[in-house]
Amino acid sequence: MIFDNIRSIRQYEGLGSNFQKAVQFLEALDLSRISQGDFEIDGRKVYAFANWITLKKPEEVLYEAHRKYADIQLVLQNSEVIYTAQTPDLTMTGEFDEQKDIGFYSDGKHSTRLTLFPGDFAVFFPEDAHKPCCLAEDPSSFKLVVKVRLE
């Protein structure tokens, strides 16, 4: 898991060619002008979507994890809390959806709370289960999620 600010995004280009494409996409954006919607960057290898999210109490949200993609979750407006835990330490609540590349998990014994403010981002890899969209200071958050296919 990586937790940083968009000012430092360039240092993550070396994580692979798909991360390089994601970083170049993020550097080229005017973050103050992003509107809701989908962004194709490189087909299904690297793509993004921006949405207003209604935030929930942590107990109303399940952890999620992916196997084929890493998530770059970047808060654009307001703030959001995301909890993270090691995927192997959690119990899956159902079957992993291979088509959507997502599995949901119940809370475990250990977690880390991240509070993201505008410009902050977190990168979650398959071993990093994450519980996004949790209440912070505001009832909603505008965020961009970049999906990066792992090589």
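Quick look at the structure, then. Because the structure is predicted, anything quoted here is derived from the model rather than measured. Starting from 1, residues in each chain are numbered consecutively following that chain's sequence as written. A pLDDT threshold of at least 70 governs which residues receive local features in this predicted model, and a stricter bar of 80 or more applies before side-chain atom pairs are shown or counted, although totals over entire chains, interfaces and linings include all residues. Remark: hydrogens and water are excluded; side-chain values derive from all non-hydrogen atoms of the structure.

**Description of the nonpolar core**
Right, so step 1: Here, the term nonpolar core denotes a set of buried Ala, Val, Leu, Ile, Met, Phe, Trp, Tyr and Cys residues that are joined through side-chain atoms within 4.5 Å. When accessible area is computed with a 1.4 Å probe and restricted to protein chains, residues below 20% of their type maximum are described as buried, those above 50% as exposed, and intermediate ones as partly exposed. Leu26, Ile72, Phe121, Val123, Leu144 and Val146 are the most contacted members of the largest nonpolar core, which totals 24 residues.
Right, so step 2: Among the secondary structure elements, those contributing two or more residues to this core are helix 1 (17–28), strand 3 (46–54), strand 5 (69–78), strand 9 (120–124) and strand 11 (140–149).
Right, so step 3: Per element, the largest residue contribution to this core is 5 residues, and it comes from helix 1.
Right, so step 4: Every residue pair with non-hydrogen atoms within 4.5 Å of one another is taken to be in contact. Those residues within four positions of phenylalanine 121 in sequence are excluded, and the remaining contacts are Ile2, Phe3, Asp4, Asn5, Ile6, Ile9, Tyr12, Ile72, Gln73, Leu74 and Leu116. The numbering of helices and of strands both runs from the N terminus, where a helix is a DSSP run of H or I of at least 4 residues and a strand a run of E of at least 2.

**Describing the layout of surface pockets**
Right, so step 1: Only protein atoms enter the 1 Å grid used here. Points where a 1.4 Å probe fits but cannot escape make up a cavity, open sets with protein on both sides within 12 Å along at least five of seven lines make up a pocket, and a residue lines them when an atom lies within 4 Å of a point. Grid points are joined across faces, edges and corners, and a volume is the space filled by probe spheres set on the points. Of the pockets and cavities examined, the largest pocket occupies roughly 330 Å³.
Right, so step 2: As for the largest pocket, its lining consists of 22 residues, of which Phe49, Glu64, His66, Ile102 and Lys147 are closest to the centre.
Right, so step 3: Those elements that place two or more of their residues in the lining of the largest pocket are strand 3, strand 5, strand 10 (128–134) and strand 11.
Right, so step 4: Three classes are used, and their members are as follows: Ala, Val, Leu, Ile, Met, Phe, Trp, Tyr, Cys and Pro are nonpolar, Asp, Glu, Lys and Arg are charged, and the others, Gly among them, are polar. Classifying every residue of the lining of the largest pocket by side-chain character gives 8 nonpolar, 4 polar and 10 charged.

**Let's talk about the pairing of strand 5**
Right, so step 1: The buried fraction of strand 5 is high, at 8 of 10 residues.
Right, so step 2: Between any two strands, at least two bridges found by DSSP are needed for them to pair. Summarising the sheet, strand 5 and strand 9 pair through 4 bridges and their orientation is antiparallel. Pairing of aspartate 71 across the sheet is with phenylalanine 124, part of strand 9.

**A closer look at the side chain of aspartate 101**
Right, so step 1: Tracing the backbone through its elements, the reader meets aspartate 101 in the loop between strand 6 (80–86) and strand 7 (103–105).
Right, so step 2: At 5.3 Å, lysine 147 is the nearest oppositely charged side chain to aspartate 101, a buried residue that forms no salt bridge.
Right, so step 3: Sequence-distant contacts of aspartate 101, that is, excluding residues within four places in its chain, are made with Ala65, His66, Arg67, Lys68, Tyr69 and Phe96. Here Asp and Glu are counted as negative and Lys and Arg as positive; His is not counted, and neither are the chain ends. Within this document, salt bridges are pairs made up of a side-chain nitrogen of Lys or Arg and a carboxyl oxygen of Asp or Glu, the two lying within 4 Å of each other.

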